[in-house]
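What follows is the residue order along each chain.
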Amino acid sequence: MLREREIQALIDTALSQRKFAYAPYSDFRVGAALLTDSGEIYTGCNIENSAYSPTNCAERTAVFKAVSEGERAFRAICIAGGQGEKEPSDFCPPCGVCRQVMLEFCRPDFEIILAVNNERYEVYTLDELVPKGFRL
Ligand code: THU
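This is a predicted model, so every value here is computed, not measured.

Unusually for a residue other than glycine, D27 sits at a positive phi of about 55°. In this structure, D27 sits in the loop between α1 (4-17) and β1 (28-36). A positive phi angle is found at Y52, which is not glycine, with a value near 65°. Mapped onto the elements of the fold, Y52 is located in the loop between β2 (41-45) and α2 (58-67).

And the structure:
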């Protein structure tokens, strides 16, 4: 279980990563902060593409950055997203593709924080967000 202090640090990081989002098509800016077992935080933002389908979500950006640097043990991710530069107005739950990527690298008790701001957030486990997920 995450401590409140860890949750707050992940929310701060996810919110601040929204400024790096490359989202000229949707203007929906998402930030992610991924906590490893070793206590490192890997960051991510969404990166869109004019051909649309190559777009990478913030969560996958963070996971791929971490895995590409040798990290494969993860405790939690925080996701914050919303329109434009203003504060998010609602939760931004991970898309199905990102949930499947999390299943590849994360345990069922991996924690997913959906944050609107430092006061308004919800914490789920991967198992709750992906019941009966496909794994080999
Ligand atoms: N997006 C994310 O980065 N993460 C999510 O969890 C949902 C959607 C991005 C993809 C696209 O750039 C924009 O948000 C609108 O779908």
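Still more ground to cover, so stick around.
Close to the ligand lie 13 residues; N46, E48, C57, A58 and E59 are nearest. In the environment of the ligand, an oxygen atom lies 3.3 Å from a nitrogen or oxygen atom belonging to the backbone of P93. Compared with its free state, where it exposes 380 Å², the ligand has 79% of that area covered by protein. In the shell around the ligand, the residues fall into eight nonpolar, three polar and two charged.

Looking now at the pattern of salt bridges. Under the definition given, this model contains six salt bridges. Across the salt bridge formed by E6 and R75, the nearest N and O atoms sit 2.9 Å from each other. Highlighted residues: E6 in helix α1 and R75 in strand β3 (residues 74-83), separated in sequence by 69 residues. When the shortest N-O distance is used, the salt bridge between R29 and D27 registers 2.8 Å. The partly exposed category is assigned to D27, whose relative accessible area is 28%.

Conventions adopted
Residues numbered from 1 in each chain as written. Predicted model: local features only at pLDDT ≥ 70, side-chain atom pairs only at ≥ 80, totals over all residues. Heavy atoms only, no water. Helix = DSSP H or I, 4+ residues; strand = E, 2+ residues; numbered from the N terminus. Near = heavy atom within 4 Å. Polar contact = N/O pair within 3.5 Å; in protein donor to acceptor, adjacent residues only side chain to side chain. Areas by Shrake-Rupley, 256 points an atom, 1.4 Å probe, with all protein chains shown as cover. Nonpolar A, V, L, I, M, F, W, Y, C, P; charged D, E, K, R; others polar. Salt bridge = Lys/Arg side-chain N within 4 Å of Asp/Glu carboxyl O. Buried < 20%, exposed > 50% of the residue type's maximum accessible area, 1.4 Å probe, protein only.

Nothing here speaks to function; it is geometry throughout.
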